Amino acid sequence: MNRGPGSPGEVDPAYPFDIDGALDPGRFPIDEWALEETEYSSEDLGTTETLFAVANGYLGLRGNVEEGRIAHTHGSFVNGFHETWSIQHAEDAFGFAKVGQTLVHVPDPKLIKLYVNDEPLLLSEADCEEYSRRLDFRTGTLERDLVWRTPSGVRLRVRSTRQVSFTERHLALMTFEVTMLEGVAPVTISSQLLNRQDGEDEYHVALAALGEGDDPRQAHALDHRVLLPRLSKMRGHRAYLGYRCAHSEMTLACAVEHQVEFKGDPRVNTEVDDDRSKTIIHTRMSPGQTLKVTKFAAFHSSRGVPADELADRCARTLDRSIKRGASGLADDQRDWLKDFWARSDVEVTGRPRTQQAVRWNLFQLAQATGRVEEHGVAAKGVTGDGYGGHYFWDTEIYVMPFCSYTNPRQARSLLRFRYMMLPKARERASELSQRGALFPWRTINGDEASAYYAAGTAQYHINADVVHAASQYLEATGDWDFLCREGAELAIETARLYADLGFYKPNGTKSFHIFGVTGPDEYTTVVNDNLFTNLMARFNLRRAAEAMEVIREADPVAYQRLQRVVGLRDEEIDEWHKAASAMFIPYDDVLAVHPQDDAFLDKEVWDLLDTPEEKRPLLLHYHPLVIYRHQVLKQADVVLAMFLQGEYFTQDEKRRNFEYYDPITTGDSSLSACVQSILAAEVGYAELALEYFKRALFVDLADLQGNTVDGVHVASTGGVWATLVQGFGGMRDTWGVLSFDPRLPADWDHLGFSLHRQGARLRVDLTQSEITLTLISGGPLQVRVVDQRVIVSGDAPTVVTLEDQGPVIRGRPPRLADIGVVPHVAHDVDIDDLHLPAT
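What you are looking at is a predicted structure, and each value in this text was computed from that prediction instead of being measured.

A.B. asks: Outline the overall build of the chain, listing residues and values.
C.D. replies: A tally of helices and strands in the chain yields 21 helices and 31 strands. Considering only C-alpha atoms, the chain reaches an extent of 90 × 75 × 60 Å along its principal axes. Expressed as a percentage of the 839 residues in the chain, the buried residues total 63%. For the chain, the share of sequence-separated contacts (at least 6 apart) that also reach a separation of at least 24 residues comes to 69%. With 87 positive and 124 negative side-chain charges, the chain shows a spacing of 6 Å between the two charge centroids.

A.B. asks: Describe the packing of helix 19 (residues 686-697) against helix 20 (residues 714-728), listing the residues and the values that go with them.
C.D. replies: Interaxial distance between helix 19 and helix 20 falls to 9 Å at its minimum, and their mutual angle equals 150°. Here helix 19 lies roughly antiparallel to helix 20, going by the angle between them. Our pair here, helix 19 against helix 20, has a crossing hand that is left-handed. Residue-level inspection shows Ala689, Leu690, Phe693, Ala696 and Leu697 of helix 19 in contact with helix 20, the latter providing Ser716, Val720, Thr723, Leu724 and Phe728. Class assignment for the residues of the contact of helix 19 with helix 20 results in eight nonpolar, two polar and no charged.

A.B. asks: How would you explain the nonpolar core if you had to name every residue and give the values?
C.D. replies: The nonpolar side chains of a soluble globular protein tend to be buried, and buried together. Judged by nonpolar contacts, the single largest core of 198 residues is most densely connected at Met548, Trp576, Phe698 and Phe740. Counting residues per element, this core draws most heavily on helix 11 (residues 480-501), at twelve residues. Setting aside anything within four residues of it in sequence, one finds Phe698 in contact with Phe17, Ile19, Ala22, Leu23, Arg353, Ala357, Asp703 and Leu704. Judged by nonpolar contacts, the second largest core, of 24 residues, contains Tyr131, Met180, Ala185 and Ile189.

A.B. asks: Would you mind going over the environment of Thr509 in detail, with residue names and values included?
C.D. replies: Relative to the elements of secondary structure, Thr509 occurs in strand 21 (residues 509-513). A sequence separation of 73 residues divides Thr509 from Ala582, and the C-alpha atoms of the two residues are 8.9 Å apart.

A.B. asks: Lay out the pairing of strand 16 (residues 267-273) in plain terms, naming residues and giving numbers.
C.D. replies: Of the strand pairs in this sheet, strand 16 and strand 17 (residues 276-285) are connected by seven bridges, and their pairing is antiparallel. Residue pairing for strand 17: Thr270 is matched across the bridge by Thr279. A loop of two residues connects strand 16 with strand 17, the two strands running antiparallel in sequence.

A.B. asks: I'd like a rundown of the pattern of salt bridges, residues and numbers included.
C.D. replies: In total, this model carries 62 salt bridges according to the counting rule given. For Arg155, the salt bridge identified is with Glu129, shortest N-O distance 3.0 Å. Of the two residues, Arg155 is situated in strand 10 (residues 155-164) and Glu129 in strand 8 (residues 127-136); the sequence distance between them amounts to 26 residues. Here Glu129 falls in the partly exposed class, since its relative accessible area comes to 38%.

A.B. asks: Could you give me a rundown of the side chain of Gln364, with the residues and numbers involved?
C.D. replies: As for its placement among the helices and strands, Gln364 is situated in helix 6 (residues 352-369). Those residues in contact with Gln364 that sit more than four places away from it in its chain are Leu51, Thr383, Val712 and Thr717.

A.B. asks: Quick one: what's the story with the state of the cysteines, residue by residue and with numbers?
C.D. replies: Scanning the model with the defined rule gives zero disulfides in all. No disulfide involves Cys245; its nearest neighbouring cysteine sulfur is the one of Cys254, lying 12 Å away. Lacking any disulfide linkage, Cys674 is separated from the closest cysteine sulfur, that of Cys403, by 15 Å. With a relative accessible area of 2%, Cys674 lands in the buried category.

A.B. asks: Residue-level account of helix 6, with values.
C.D. replies: Its 18 residues place the ends of helix 6 26 Å apart at the C-alpha level, agreeing with the 26 Å of an ideal helix rising 1.5 Å per residue. The buried count for helix 6 comes to 17 of 18 residues, which makes it a mostly enclosed element.

A.B. asks: Tell me about the environment of Glu257, and please be specific about residues and values.
C.D. replies: Tracing the backbone through its elements, the reader meets Glu257 in strand 15 (residues 251-261). In the structure, Glu257 is positioned 22 residues away from Thr279 in sequence and 8.8 Å away in space, judged by C-alpha atoms. Apart from the residues lying within four places of it in its own chain, the contact partners of Glu257 are His237, Arg238, Thr294, Lys295, Phe296, Leu318 and Ile322. A distance of 2.6 Å separates the side chain of Glu257 from the side chain of Arg238, its partner in a polar contact.

A.B. asks: So, the sheet that holds strand 17: which residues are in play, and what are the values?
C.D. replies: Taken in spatial order, the five strands make up an open sheet running 7-6-12-17-16, and their pairing is antiparallel. Sheet topology places strand 7 (119-120) and strand 16 at the edges, where each strand pairs with a single neighbour. With five bridges connecting them, strand 6 (residues 112-116) and strand 12 (residues 185-194) associate as antiparallel partners. Residue pairing for strand 12: Ile112 is matched across the bridge by Ser191.

A.B. asks: Please set out helix 9 (residues 422-431) residue by residue, giving values where relevant.
C.D. replies: Because each turn of an α-helix spans 3.6 residues, side chains separated by three or four positions in sequence point in the same direction. All buried positions along helix 9 are accounted for by Leu422, Ala425, Arg428 and Ala429. End-on, the buried residues of helix 9 take up no more than an arc of 110°, which puts them together on one face. When the buried face of helix 9 is taken as reference, the exposed residues oriented beyond 90 degrees from it are Glu427 and Ser430. If you follow the buried residues of helix 9, they end up packed against helix 8 (408-420) and helix 11.

A.B. asks: Help me get a handle on the packing of aromatic side chains, residues and values and all.
C.D. replies: All told, the structure shown has 23 aromatic pairs when counted by the stated rule. Between the aromatic rings of Tyr473 and Phe482, the centroid separation amounts to 5.5 Å while the plane-to-plane angle is 80°, which identifies the pairing as edge-to-face. Look at Phe482 and you get buried, because its relative accessible area is 0%. Consider the rings of Phe693 and Phe728, whose centres lie 5.4 Å apart with planes at 75°: the pair is edge-to-face. Here Phe693, found in helix 19, pairs with Phe728, found in helix 20; they are 35 residues apart in sequence, far enough to count as distant. There is no split in this pair, since Phe693 and Phe728 are both buried. Taken together, the aromatic side chains of Trp33, Phe166, Trp336, Phe340, Trp341, Phe402 and Trp721 make up a single cluster linked through ring pairs. One Lys or Arg, Arg133, reaches over the ring of Phe52 and ends 4.3 Å from the middle of that ring. Positioned above the aromatic ring of Tyr648 is the side chain of Arg538, whose terminal nitrogen or guanidinium carbon lies 4.6 Å from the ring centre.

A.B. asks: Could you give an account of the packing of helix 8 against helix 11, naming the residues involved and the relevant values?
C.D. replies: At their nearest, the axes of helix 8 and helix 11 sit 9 Å apart, and the two run at 40° to each other. By the criterion of interaxial angle, the relationship of helix 8 to helix 11 is oblique. Here helix 8 and helix 11 pass one another in a crossing that is left-handed. When helix 8 is examined against helix 11, the residues Arg412, Leu415, Arg416 and Tyr419 are found in contact with a partner set consisting of Asp481, Phe482, Glu486, Glu489 and Leu490. Residues that form the contact of helix 8 with helix 11 fall into these classes: four nonpolar, no polar and five charged.

A.B. asks: I'd love a proper account of unusual backbone geometry, names of residues and values included.
C.D. replies: Residues Arg616 and Pro617 are joined by a peptide bond in cis, for which omega reads -10°. Structurally, Pro617 is set in the loop between strand 22 (604-605) and helix 15 (624-628). With an omega dihedral of 0°, the bond running from Gly779 to Pro780 counts as a cis peptide bond. Considering the arrangement of structural elements, one finds Pro780 in the loop between strand 28 (770-777) and strand 29 (781-785). For Glu373, which is not glycine, the phi dihedral falls at a positive 50°. Its identity as a non-glycine residue notwithstanding, Asp703 has a phi of 50°, on the positive side. Relative to the helices and strands, Asp703 is located in the loop between helix 19 and helix 20.

Conventions we followed
Residues numbered from 1 in each chain as written. Predicted model: local features only at pLDDT ≥ 70, side-chain atom pairs only at ≥ 80, totals over all residues. Heavy atoms only, no water. Helix = DSSP H or I, 4+ residues; strand = E, 2+ residues; numbered from the N terminus. Buried < 20%, exposed > 50% of the residue type's maximum accessible area, 1.4 Å probe, protein only. Contact = heavy atoms within 4.5 Å. Lys, Arg positive; Asp, Glu negative; His and termini not counted. Charge placed at Lys NZ, Arg CZ, Asp CG, Glu CD. Axes fitted to C-alpha atoms, helices over the stretch in contact; angles between N-to-C directions. Parallel < 35°, antiparallel > 145°, perpendicular 65-115°, else oblique. Left-handed = near helix turned anticlockwise from the far one by under 90°. Nonpolar A, V, L, I, M, F, W, Y, C, P; charged D, E, K, R; others polar. Core = buried A, V, L, I, M, F, W, Y, C linked by side-chain atoms within 4.5 Å. Pairing = 2+ DSSP bridges. Salt bridge = Lys/Arg side-chain N within 4 Å of Asp/Glu carboxyl O. Disulfide = S-S within 2.5 Å. Expected span 1.5 Å × (residues − 1). Polar contact = N/O pair within 3.5 Å; in protein donor to acceptor, adjacent residues only side chain to side chain. Arc of directions from axis to C-beta. Phe/Tyr/Trp six-rings, centres within 6.5 Å; stacked < 30°, edge-to-face > 60°. Lys NZ or Arg CZ within 6 Å of the ring centre and 35° of its normal.

So yeah, pure geometry; function would need other evidence.
Now the structure itself:
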């Protein structure tokens, strides 16, 4: 894959990101509804295994080749199915996370080996006269088509498909079809279900030995037998395997069954042992004959249900799916995705490569959220084991807005998943000597799994992130039942934590402060009065207080239930109002910017533009203490606060803050480019906004972070939607008002998308001169366009002419040195010893 020119933090419009060159058009042709590969390469296997993964949010299969012998990372995953392990702290302390959690590789159903004259098909060596692989966004199917000339001169066409069903949540469906073109030969297909978690993959081990395992973004390597066999059996040609995880005691069962189509009498044999099932189909083929194998695979998991019972569930899944048939399942998949695209598509007319990349990102959101149901959305979805399969605050801030405005049912499910973690969040708050609840920074099962508290547990903003997502969901849906029950309990317990965590500090006027926290920027940790945390905590306190007042007035029975269930007191509501009103919001009068925290502006400035590319990302090349001493950001912090709490900043404050923080933001996190794009568009840096958008759009497709091998950056895909809809579309939904203040890139002709709000579906079409609002269903809706209020009804589209947005700021903000903030290092220090960048 071709990498773009520099990381997201080094955007220079003089050297714009080349969208057309981000993917080699000879190998990856433009198709607005698919990602296609026309040449096989083993040089970037890890990346393409991620790009061509298929998933439904519960079950995920990486894009490994069917033959399975050469891979960067084999991977088949079930959301939330994990092993636990004891975190070994060199120096332990009270309250440190004790138990780690790691996503487990479930038995791999993708493996289908082909032998002709006992010669195996290996793509890395095969003489392929034709080759193509295509991930279709409308059918949700990965298709491969090749013509292979064997060493003995036999020619065959080999077609295969792979699909994880959106309608049958626990099902994967694969086909493998061999057509003899020239020659007569014995043909053998070996289709397997293989436990790779407890096996060895020599190629992957060799890569880890070269240092890839030193990256903290990768999954923890387990050093024990993880999947303990509990079941291996056959019923006819249907094979079952069942396991229990050694430490977490989670259970899993999987089953496969094959259908064989051939005009002849092939020999079919199935065998099973503890770690493998193998179905072997053997026959002799002549020109014109076709052998087709259809493979149904079912997976069920549990926190403790015996494997035998899970096997029964697999049997029911297979019975139902086989009765429906492969073609019927394909029709169901197509219908599901047709509905998804009707709700979720974003159209960028006249820019086919951009459109293709946009739809790939949106398709990843379908694959990450489609059937998660009682689970969360991991940082990599189920396309890889990066970050150990953990759930972060990414879901609430980057993924939830997409769900709330395109698929509210799914948004509610994700919020309920957080709600189910509330008991453990209460325990964690108590462990840290706080009232209320504290959600974990990274987790699978609800327990904090971050061994590094400074950049993990200290991110107390996670509570407010959850409440922000719930509030946005309520704005989009008006779901009163959720507000009175799960939403209210979430708001109460999180507000209690902030009211207890903060304190009043007499400093002329009595103000409320929060000390010892970390904001979204992980390059600055354990600080006092982090702007993002204070703003979001204030939001949390206000929303909790106002929600309780509304419930008390409108539904006394629901309010009495909250008093009974969570011990809500009227005095608490007053306390939350008081703390929110007194919340300290740092501001520097000299630079006229909001400090990221109370000491941030006192630090030395990292000379980011002179830091060598080979020293990026900083977290892999500098000790944390070196980074913490400087003004340098891993990702947007103040800028993210201005996006989420924008109504509390003037336009001038937004511009000045953006101009200060943008030059010292590395973009070492994939969460940054999309937010920087949204704010750049809002404050007038139109060219820069487009550059950041391109980098968010291609963060995986062009492997801009260098770790696409670990799985899709799901939060960034949600950020792509946000950049299009909330950045260029200018959509905001604040305090009950849906508004648009568009910032369409100068060379774009049209941007179109749909939104769900309060039971209505609204179609939005933007051009350089006007915005057209069309009510698809429900309504009417009151909408504000810039400063004009309009009523959108079903009678006819509402068209509003857009005025000139004012002067465009070209280029990027100046380096801080150019405005008098000079990067420097302390005297009498050997810079080489400290490994600091040159100044």
